[in-house]
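Okay, here's what each chain looks like letter by letter:
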Amino acid sequence: MTFSKKLLDLKQQVLEESAPFFHRIEGIAEENTLKVLDAMRECKVSDAHFNTTSGYAYDDIGRGKLEELYARIFAAERALVRTQFVSGTHALATVLFGILRPGDELVSLTGKPYDTMQTVIGYDNPSLGSLKEFGILYDELPMADGKVDIKGIAGKLKSNTRMVLIQRSRGYSMRSPLSIGDIREITAEVKRVKPDCICFVDNCYGEFVDVEEPTQAGVDIMAGSLIKNPGGGIAPTGGYIVGKKELVELASYRLTAPGMGDELGASLSNNRLLFQGLFLAPHVVSQAIKGAVFAAGMFDRLGYKTLPLPSEERGDIIQAIELGSAEKLKAFCGGIQKYSPVDSFAAPEPWDMPGYADQVIMAAGTFVQGASIEFSADGPLRPPYNVYLQGGLTFEHAVIGILGAAQAIEDLNS
Ligand SMILES: *Cc1c(COP(=O)(O)O)cnc(C)c1O
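Residues numbered from 1 in each chain as written. Predicted model: local features only at pLDDT ≥ 70, side-chain atom pairs only at ≥ 80, totals over all residues. Heavy atoms only, no water.

Our focus in this paragraph is the domain arrangement of the chain. Considered domain by domain, the chain is made up of domain 1 (5–32 + 278–413) and domain 2 (55–267). Taken over C-alpha atoms, the centre of domain 1 sits 26 Å from the centre of domain 2. Each partner contributes to the interface: domain 1 provides 38 residues, whereas domain 2 provides 34 residues. Summing both partners gives a buried area of about 3000 Å² for domain 1 against domain 2, and 63% of it is carried by carbon and sulfur. (Domains from an automatic or database assignment. Contact = heavy atoms within 4.5 Å. Buried area = accessible area lost by both parts, 1.4 Å probe.)

Shown next as C-alpha cells:
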C-alpha cells in the first residue's frame, strides 16, 4: 500500500474536521473571482491584448492593459507588471532603490525581513550593491509576541524616515502573517505619527488570501512575485508593483532608466499567460490554502507544532510545521518531491541558495522553476527544523503530497 492505514484513517478524519474552514476559503475565492471578472469587464480585456511585442515595445497594448487590470484589482492608482522582474525580490528591490535616496532611512516594522531582503538592505547581511552602499540608513522594530509593536512605532520614526517596510507573510519564521486588519492598524499609526512616511508592503504570498488587499488598508505601495499567488501557476516569470502613481513611477525609472520608465519593455512571453494566470489566481490560492489547512490538521494530529493551527484564519498561503530534526526535514521534502509532477525521481539535497544565510532544502517538482504557488516545501537547515509548505495548483495534489511527506517520516522509524 502506498500510504499506511493509520495515515489514510487520519486523512478522513482531518477532511471531515476541515469542512467548515474549507467553506470559508471557498467563499473568499468566489468573492475574489467576482472582483477579477468585474475588473476584466471594466478594462475590456480582449484577445488583442495577448500578443507578443518586440524591441522597445512602445504602445504595447497588452502590457498596458495588464497594468490597468492589476491597478484596478488592487485598488491602486498605477501598476508595473513585468516579466522583466526576475523574481519577487527584484520587484521589492526596485521599489526600495527607486524611491529611497542617500540619507533616507528605511524602517522594517516586522522585525528582520525575509532572507533575500536582508542582502538587498545590506545591514544584517552585507553585500555588494546593497542599499547600505548607497548611503541609505536602516532600522528595525522587533516583533513583540509575534505581533507588530504598534506602541513602539512612534519611537522609531525620525525626520529622515522616508519609508517603512511591512512584511505581510511569515517568511522563514514562526510568527503569524499579518491580517488586513493588522496592516490597517499599522499604517494608521505610521500616518498619525508621520503623515509623509511611505508605507511599503512586501505582499508575497498574500494576494487573494483575503477579500481585501493591503492597498485597501492604507498602504502606499506594495510588490510581489508572479510565480507566487497572482500568477495563478500559469505566469512563466515576473513581478508586480502597485500603488500611488508617483511612487510606482519612481520605481519604473529604476526598472528601466530615468526618462524611460514604464513606456518600454517588450512582452516577450505570451501575455495570455499573465491574464489567464490572474483569472485563475483566486481559485488556485484557495486550493493552496485548503492544502495548508489539511497539512496543519494532519501534522497537528501527528503531534507536531503547526503554525497556523488548522482552525486559525490565514494571512498567507504558508503552512509552517516544526519537525524538530534535520532527518525529518529531509524526509518530509523527499516525500513531497516523490509526489510532484516534475522531477519526481530526484531526492532533494540541502544547498547554498543565493541570498540565503543558511543552507536550504527544497522540494519543488514544479512546471515553472521554483514557483512556490505550485506545491512545494522548503526550510533552512537550522533548529528547530521548520518546514514551510506552500502552494498547490490542485487540492488533490496537496493531499497526496502531504500524505507522502507524512509517510516518509513514518518510514524513518521502520
Ligand atoms: C518569496 C518572498 C520574497 C521574494 O522572493 P523571490 O524568491 O525573490 O520571489 C520576498 N519576501 C517574502 C516574504 C517572500 O515570501
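So, on to the site of the ligand. All residues adjacent to the ligand are S87, G88, T89, L92, Y114, Q167, D202, C204, Y205, S225 and K228. The contact in question runs from an oxygen atom of the ligand to an N or O atom on the backbone of G88, over 2.8 Å. Here an oxygen atom of the ligand sits 3.0 Å away from a polar atom, N or O, in the side chain of K228. In terms of residue count, the dominant contributor to the shell around the ligand is helix 3 (residues 88–99) (three residues). Grouping the amino acids of the shell around the ligand by side-chain chemistry returns four nonpolar, five polar and two charged. (Near = heavy atom within 4 Å. Polar contact = N/O pair within 3.5 Å; in protein donor to acceptor, adjacent residues only side chain to side chain. Helix = DSSP H or I, 4+ residues; strand = E, 2+ residues; numbered from the N terminus. Nonpolar A, V, L, I, M, F, W, Y, C, P; charged D, E, K, R; others polar.)

Among the nonpolar cores identified, the biggest contains 121 residues, and Y70, I241, F299 and F332 are the most heavily contacted of them. For this core, the leading source of residues is helix 8 (residues 271–301), giving 13 residues. Here this core gathers at least three residues from each of two domains, domain 1 (5–32 + 278–413) and domain 2 (55–267). Leaving out residues up to four positions away in the same chain, F332 has contacts with F299, I321, L323, A377, V387, L389, A405 and I409. (Core = buried A, V, L, I, M, F, W, Y, C linked by side-chain atoms within 4.5 Å. Buried < 20%, exposed > 50% of the residue type's maximum accessible area, 1.4 Å probe, protein only.)

By the definition in use, this model includes 26 salt bridges. A salt bridge links K5 to D9, with the shortest nitrogen-to-oxygen separation between them at 2.6 Å. Placement of both K5 and D9 in helix 1 (residues 5–42) is noted, with a separation of four residues, approximately one turn of the helix. The exposure class assigned to K5 is exposed, which follows from its relative accessible area of 54%. Where R72 meets E42, a salt bridge forms, and the shortest distance between an N and an O atom there is 2.9 Å. With a gap of 30 residues between them, R72 in helix 2 (residues 61–73) and E42 in helix 1 connect regions that are remote in the sequence. (Salt bridge = Lys/Arg side-chain N within 4 Å of Asp/Glu carboxyl O.)

This part covers the sheet that holds strand 9 (residues 319–322). Strand-to-strand pairing in sheets goes through backbone hydrogen bonds, with the strands running parallel or antiparallel. Spatially, the five strands line up as an open sheet ordered 8-9-12-11-10, and their pairing is antiparallel. Each end of this open sheet is capped by a strand with a single partner; those strands are strand 8 (305–307) and strand 10 (360–363). Going from strand to strand, the sheet's axes swing by 20 degrees on average, the running direction of each strand aside. Two elements, strand 11 (residues 376–380) and strand 12 (residues 386–390), share three bridges in a ladder whose sense is antiparallel. Within the sheet, the bridge partner assigned to D378 lies in strand 12 and is Y388. Each of strand 8, strand 9 and strand 12 is contacted by helix 8, which is oriented at about 15 degrees to strand 9, the strand it contacts most. (Pairing = 2+ DSSP bridges. Axes fitted to C-alpha atoms, helices over the stretch in contact; angles between N-to-C directions.)

Next up on the list: unusual backbone geometry. With an omega of -5 degrees, the peptide bond running from L307 to P308 counts as cis. Looking at the element boundaries, P308 is found in the loop between strand 8 and strand 9. In this model, P383 is joined to P384 through a cis peptide bond whose omega is 5 degrees. In this fold, P384 is placed in the loop between strand 11 and strand 12.

Below, the discussion takes up the environment of G55. Residue position: G55 is located in the loop between helix 1 and helix 2. Exposure remark for G55: the relative accessible area of 64% places this residue in the exposed category. Along the sequence, G55 and E42 sit 13 residues apart, while their C-alpha atoms lie 29 Å from each other.

All right, on to the pairing of strand 2 (residues 105–108) then. Burial of strand 2 is two-sided: the residues E105 and V107 facing one way and the residues L106 and S108 facing the other way are all buried. Pairing analysis gives four bridges linking strand 2 to strand 3 (residues 137–140), with the strands arranged parallel. Within strand 3, the residue paired with V107 across the bridge is D139. The parallel pair strand 2 and strand 3 is bridged by helix 4 (residues 115–121), and the resulting crossover is right-handed. (Right-handed = clockwise from strand over helix to strand, strands pointing away.)

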